[in-house]
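Survey of secondary and tertiary structure
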Amino acid sequence: MRLANLDNRAVLILGEPGAERAVDIATVSDGRFGPDLPAVYQQWNELRSWAAEVPADSIAATVIDRALLGAPSPAPRQVFAVGLNYHAHAAESGFESPVHLPPVFTKYVSSFTGPDTEVTIPTDGNVDWEVELVAVIGRRARNIDEADAWSHVAGLTVGQDISERVSQLRGQAPQFGLGKSFAGFSPQGPWLVTPDEFADRDDLELGCAIDGEEVQKGRTRELIFPVSTLVAALSRTVTLYPGDVIFTGTPAGVGVGRDPQRFLRPGENLNSWIEGIGELRQHFVAASQNK
């Protein structure tokens, strides 16, 4: 199943890649589910059963305007972001790979957007890219076993942990949450894909390119702590709720780890993708252009 946030309404995505159509869940279910995404996650198991009966050639399906797509889980109770979760990225960042749970921080929901956006580069900022697999929780999880973790995951989507390195790294201690939460710094989408849709949910290619030049490429099998491990480990400290969002970490290739360092510039376009899910498209502009 594929699920999306189309103009703040929950929709099913039907059709082949490149020819997708949207079915409004509240309309087709006669108001049983939806109309928005937070409501859908509260009835996740029931929605899955119902969605399996929706015909692929539904007459209610409409063409998708990507400009109207929002983050698949736009109002999570909690957002978790995981650092140093690929060995090569930890090395390029100057750290040893984590042995226990990797560093966990947050990205604030006000930075959430859909897949196709214009992003303002903060004045005097060094804006970096970090493509990530994002997992959304579908069932409440507390003290669960790793073997049971995937059953608590609603689905996977593409995310960018866009990071402003000056504000993140200056001062006595890093400001991870704030430095990664400027407006538009958490694009996600284009839709949520349930784990059963993948041949191997633990081995997906992901990457990103700036104006066609590939800067990151990896596979999620290289995660030091895969999705199931992260979900189970987090649940031993906090309660995970339906709709919660987990950014799982980025592979090597970020700008701050290059020699010389390289950051995003006004006028550049960043395309990010994950196999079997889709693509994000960000265009960057100078701060003065949005005054």
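The structure contained in this document is the topic of the report that follows. Numbering of residues starts from 1 in every chain and runs along the sequence as written. For this predicted model, a pLDDT threshold of at least 70 governs which residues receive local features, and a threshold of 80 or more governs which side-chain atom pairs are given and counted, while totals over whole chains, interfaces and linings are taken from all residues. As a convention, hydrogens and water are excluded, and side-chain values are obtained from all of the structure's heavy atoms.

Some points on the pairing of strand E6 (residues 79-82)
Cut-off, in case you're wondering: Three labels apply to residues, based on accessible area from a 1.4 Å probe with only protein chains included: buried if under 20% of the type maximum, exposed if over 50%, partly exposed otherwise in between. What counts as a helix is a DSSP run of H or I of at least four residues, what counts as a strand is a run of E of at least two, and both are numbered from the N terminus. For two strands to pair, DSSP has to find at least two bridges joining them.
Side chains Val79 and Ala81 project from E6 onto one buried face, and the interleaved Phe80 and Val82 project onto a second face that is buried too. Pairing between E6 and strand E17 (residues 245-247): three bridges, direction parallel. Bridge pairing links Phe80 to Ile246 in E17. Note: E6 against strand E7 (residues 104-105), two bridges, orientation antiparallel.

Quick notes on the nonpolar core
What counts here: Only buried residues count toward a nonpolar core. Its members are Ala, Val, Leu, Ile, Met, Phe, Trp, Tyr and Cys residues joined through side-chain atoms within 4.5 Å. Residue contacts follow a heavy-atom distance rule, with two residues in contact if any of their heavy atoms lie within 4.5 Å.
Leu156, Val231, Ile277 and Phe284 are the most contacted members of the largest nonpolar core, which has 50 residues in total. Counting residues per element, this core draws most heavily on helix H7 (residues 227-235), which supplies five residues. Setting aside its immediate chain neighbours within four residues, Leu156 contacts Leu133, Val134, Ala135, Trp150, Trp191, Leu192, Val193, Phe198, Arg201, Leu204 and Ile277. Leu14, Leu37, Trp50 and Phe247 belong to the second largest nonpolar core, which has 27 residues in total.

Side note on the packing of aromatic side chains
Under the convention used in this document: Aromatic pairs are defined between Phe, Tyr and Trp rings, using the six-membered ring for Trp, whenever the two ring centres lie within 6.5 Å; interplanar angles under 30 degrees are classed as stacked, those over 60 as edge-to-face, and all others as tilted. As a reminder, the over-ring test applies to NZ of lysine and CZ of arginine, requiring each to be within 6 Å of the ring centre and within 35 degrees of the ring normal.
Counted under the stated rule, the structure contains four aromatic pairs. Plain terms: the ring middles of Phe33 and Trp50 are 5.5 Å apart, the flat faces sit at 45 degrees to each other, and that makes the pair tilted. Residue Phe33 is located in the loop between helix H1 (25-28) and helix H2 (37-41), and its partner Trp50 is located in helix H3 (residues 44-51); the two are separated by 17 residues in the primary sequence. Of the residues examined, Trp50 reaches a relative accessible area of 15% and is grouped as buried. When the ring of Phe105 is compared with that of Phe176, the centres are 5.2 Å apart and the planes differ by 40 degrees; the resulting orientation is tilted. Separated by 71 residues along the polypeptide, Phe105 in strand E7 and Phe176 in helix H6 (residues 176-179) bring together distant segments of the chain. In this structure, Arg77 packs its charged tip against the face of Tyr241, placed 3.7 Å from the ring centre. Here the basic side chain of Lys107 rests over the ring of Phe247, its NZ or CZ set 5.7 Å away from the ring centre.

Re the pattern of salt bridges
Heads up, the rule is: By definition here, a salt bridge exists when the distance from a side-chain nitrogen of Lys or Arg to a carboxyl oxygen of Asp or Glu is within 4 Å.
Taken as a whole and assessed by the stated rule, the structure comprises 18 salt bridges. For Asp24, the salt bridge is made with Arg9, and the minimal N-O distance between the two is 2.7 Å. You can see Asp24 sitting in strand E3 (residues 21-24) and its partner Arg9 sitting in strand E2 (residues 9-14), a full 15 residues away along the chain. Take Asp24: its relative accessible area is 17%, and that puts it in the buried class. For Arg9, a relative accessible area of 33% corresponds to the partly exposed category. In this structure, the salt-bridge partner of Asp116 is Arg66, at a minimum N-O distance of 2.7 Å. Placement of the pair is Asp116 in strand E9 (residues 116-121) and Arg66 in the loop between strand E4 (62-63) and strand E5 (69-70), with a sequence separation of 50 residues. One salt-bridge network, held together by shared partners, links Lys107, Asp128, Glu130, Asp161, Arg165 and Lys180.

Some details on the sheet that holds strand E19 (residues 278-286)
We apply this condition: Axis definition: a line fit to C-alpha positions, over the contact stretch in the case of helices; interaxial angles, taken between N-to-C directions, run 0 to 180 degrees.
Taken in spatial order, the five strands of this open sheet run E9-E19-E18-E15-E16, and their pairing is mixed. Strands at the two margins of the open sheet, each flanked by one partner only, are E9 and strand E16 (213-219). On average, each strand axis in the sheet is tilted by 20 degrees relative to the strand beside it, whichever way the strands run. Here six bridges tie strand E15 (residues 205-210) to E16, and the two strands are oriented antiparallel to one another. Each residue of the ladder has a partner; that of Leu206, found in E16, is Gly218.

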